[in-house]
Amino acid sequence: MASELSRRTVLRAVGLAAGGAALGLASACQSSPGSSSSPPTSGAAGRGASTAGGSTSPASPTSTTATPSTNGATSSVPPATATSSAATTGPSASSRPGGWAGLAGRLEGKLYRPRTPGFGSVAHGYNPRYDDRSPAAVARCAGAQDVRTAVEWAIASGTPFSVRSGGHSYTGWSTSTDLVIDVSALDQVTVDRGARTARIGAGARLIDVYHALAAQGFGVAAGSCPSVGVAGLTLGGGIGVLSRAWGLTCDSLDGASVVLADARSHRVDRDHQPDLLWALRGGGGGSFGAVTSFDLALRPAPRVQTFYLTFPYAAAADVLDAWQRWAPRADRRLWGTCHLAAVPSSGSRSISVAGTWIGPSSTLGTLLDTFVRRCGTQPGYRSATPHSYESAMLLEAGCDAYAPCHLAPQGSLGREPMSATSSMLPKPLDSKGIATVLDRIDAGLGVTAAGATAVAFDSLGGAVDDVSATGTAYGHRGAIASLQYTATWSERHALKDPRPMDDYVRGFRAALKPWCGEAAYVNYQDAAIRDYGQAYWGRNYRRLREVKRRVDPREHFTFPQAVRP
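What this report covers is the structure whose coordinates are included nearby. (Residues numbered from 1 in each chain as written. Predicted model: local features only at pLDDT ≥ 70, side-chain atom pairs only at ≥ 80, totals over all residues. Heavy atoms only, no water.)

## Looking at the overall build of the chain
Within the chain one finds 16 helices and 19 strands. Taking all 565 residues of the chain together, the buried fraction comes to 64%. (Helix = DSSP H or I, 4+ residues; strand = E, 2+ residues; numbered from the N terminus. Buried < 20%, exposed > 50% of the residue type's maximum accessible area, 1.4 Å probe, protein only.)

Shown next as structure tokens:
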């Protein structure tokens with residue numbers, strides 16, 4: 001994520017009429033760095049690269065690889081079982097003719113260079129603030145074989161690289177200034193109805209995954225940003241609107257196909273490299289290898305009721321206090337978010353509460369009545385609306401229909417420049433903590449360069465805590481909510497100095513450290529966090545380092561906040 005949770009929803013919700021209100025999700029539409037993998041600091045990748053002579057080589061294509069499709073095409077054919085495949089001879093530093101041309105000649109897909117027609121459409125990620133950062137080349141991979149070839153070529157030649165899926169990295173690290181290995185064409189979704197599993201290509205966008213699964217009558221717990229890549233979402237954990245009912249996205253991860261630093265495709269599951277599977281379930285993208293496909297466990301798609309309430313801002317302290325003592329402890333079939341925002345241009349502030357319910361439709365009203373009583377004030381607006389699973393996911397994404405729910409030019413969605421960071425809330429804030437939140441919302445009115453500043457409290461608990469603190473690499477079991485601080489501005493001002501927005505969101509995080517500590521969510525990555533291993537993973541970082549030492553001791557897959565060996 002994304003974030004996993006789409007900020008477009010709250011913007012859309014402001015003008016919706018009764019009976020069709022969207023969720024007030026507040027997170028910006030981003031995800032973890034590098035999705036399948038992330039870029040190094042300049043010159044970092046390729047350290048200790050294989051010597052000339054092809055000592056590493058890519059594997060031949062196997063039935064495990066998701067093949068490219070349009071808009072997440074789906075099939076009811078059961079996915080084949082993946083195994084580590086035998087190697088075939090691939091390019092090496094000594095046999096690489098013509099530099100970039102040598103790589104281009106070995107790809108089934110296309111290698112884009114700055115003068116290649118269409119380079120501008122593949123050069124950048126989601127956040128326009130990083131558009132001044134351009135790669136030397138983008139390898140648009142047609143399949144897993146291309147990923148193996150590109151990884152081998154980069155390591156053998158000493159070329160720094162990143163692996164990019166959805167391109168929603170908060171820090172922009174999924175776009176290397178050298179080689180970007182783009183897996184976005186690996187987007188097929190194949191459903192095994194009998195096993196209730198899906199094999200999902202690493203390049204699939206979340207809205208396409210929802211669409212494909214819903215067509216087969218299934219669902220998965222994930223976020224709401226429609227254009228986020230499933231790779232970064234899953235690898236970082238995957239907080240979303242059904243997390244309290246079904247767990248994190250990574251909790252559904254049964255297996256994966258991964259290209260490691262030996263440039264071979266490896267099957268990873270409970271029987272094959274279980275320690276690496278553990279690391280992929282919340283350890284973040286970019287540190288271990290390039291995932292080419294994921295196997296996710298599915299559930300029957302439920303009917304979903306969405307709810308949305310707005311309150312007078314004068315009651316914000318009481319509403320936030322009531323929410324934090326209600327949503328994380330409610331029936332796990334309920335998920336909720338509390339969103340506080342400021343709009344500097346108008347001087348306005350707002351608070352809203354939104355969420356989902358997948359229990360009996362007759363029960364939601366009682367749950368909301370309980371919450372409103374605790375608030376001590378009546379909402380100015382309240383709605384609860386039933387939906388199919390897919391229509392609820394579209395609504396959360398801020399979309400009216402599937403086709404336009406893609407980034408332009410394929411759909412009608414635009415990119416959005418933003419700054420963001422995060423905290424994890426271990427227990428309810430006391431009155432001083434709530435007052436600090438409101439003070440920081442007031443401070444957002446002074447960030448005149450921003451279109452809006454905000455914080456979103458997204459409830460956790462429930463099924464998220466059914467997994468032990470060390471059961472996966474995700475480091476925040478037991479937290480009652482994730483907090484995401486955002487500042488956004490207009491896309492046409494994408495290159496505006498972002499420092500006032502960065503200072504604001506990081507100042508918000510710093511102000512709440514007495515209550516939240518240093519903990520942060522890896523999918524909402526922040527380059528300013530120094531002890532990131534402890535912040536993102538806590539006690540699990542030690543084991544992540546052990547896995548790193550085994551699968552990539554020479555740090556070919558690396559970036560500024562990668563897991564270190």
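The rest of the description comes next.
## Observations regarding the side chain of Arg 267
Counting through the fold element by element, Arg 267 comes out in strand S10 (residues 265-269). Side chain to side chain, Arg 267 and Asp 269 meet in a polar contact 3.1 Å long. Among the polar contacts made by the side chain of Arg 267, one reaches the side chain of Asp 295 at a distance of 2.9 Å. (Polar contact = N/O pair within 3.5 Å; in protein donor to acceptor, adjacent residues only side chain to side chain.)

## What about the packing of aromatic side chains?
Here the structure, examined in full by the defined rule, presents 18 aromatic pairs. With a centroid separation of 5.2 Å and 85° between ring planes, the pair formed by Phe 161 and Phe 557 is classed as edge-to-face. Of this pair, Phe 161 sits in strand S4 (residues 161-164) while Phe 557 sits in the segment after helix H16 (541-551); the two residues are 396 residues apart in sequence, bridging distant segments of the chain. Here the two residues Phe 161 and Phe 557 agree in accessibility, since each one is buried. Between Tyr 504 and Phe 508 the ring centres are 5.9 Å apart and the planes differ by 70°, which places this aromatic pair in the edge-to-face class. Of this pair, Tyr 504 and Phe 508 are both found in helix H13 (residues 499-511), four residues apart, which corresponds to roughly one turn of the helix. Judged by relative accessible area, Tyr 504 falls into the buried class, the value being 3%. If you follow Arg 543 out to its NZ or CZ, it ends over the ring of Trp 278, 4.1 Å from the centre. (Phe/Tyr/Trp six-rings, centres within 6.5 Å; stacked < 30°, edge-to-face > 60°. Lys NZ or Arg CZ within 6 Å of the ring centre and 35° of its normal.)

## Focus: unusual backbone geometry
Cis rather than trans, the peptide bond between Ala 408 and Pro 409 has omega equal to 10°. With respect to the helices and strands, the residue Pro 409 is situated in the loop between helix H11 (389-396) and strand S17 (418-425). A positive phi is found at Ala 263, a non-glycine position, where the angle reads about 65°. Tracing the chain through its elements places Ala 263 in the loop between strand S9 (253-259) and S10.

## A look at the environment of Arg 199
In this fold, Arg 199 is placed in strand S7 (residues 197-201). Take Arg 199: its relative accessible area is 6%, and that puts it in the buried class. Within polar-contact distance, the side chain of Arg 199 engages the side chain of Asp 295 at 2.6 Å.

## Details of the packing of helix H9 (residues 316-326) against helix H12 (residues 431-444)
Packing of H9 against H12 leaves a shortest axis separation of 10 Å and a crossing angle of 125°. When the interaxial angle is binned, H9 and H12 end up oblique. Crossing handedness for the pair H9 and H12: right-handed. Contacts from Ala 316, Ala 317, Leu 320, Asp 321 and Gln 324 of H9 reach H12 at Ile 434, Val 437 and Leu 438. Here the contact of H9 with H12 is composed, by residue class, of six nonpolar, one polar and one charged. (Axes fitted to C-alpha atoms, helices over the stretch in contact; angles between N-to-C directions. Parallel < 35°, antiparallel > 145°, perpendicular 65-115°, else oblique. Left-handed = near helix turned anticlockwise from the far one by under 90°. Contact = heavy atoms within 4.5 Å. Nonpolar A, V, L, I, M, F, W, Y, C, P; charged D, E, K, R; others polar.)

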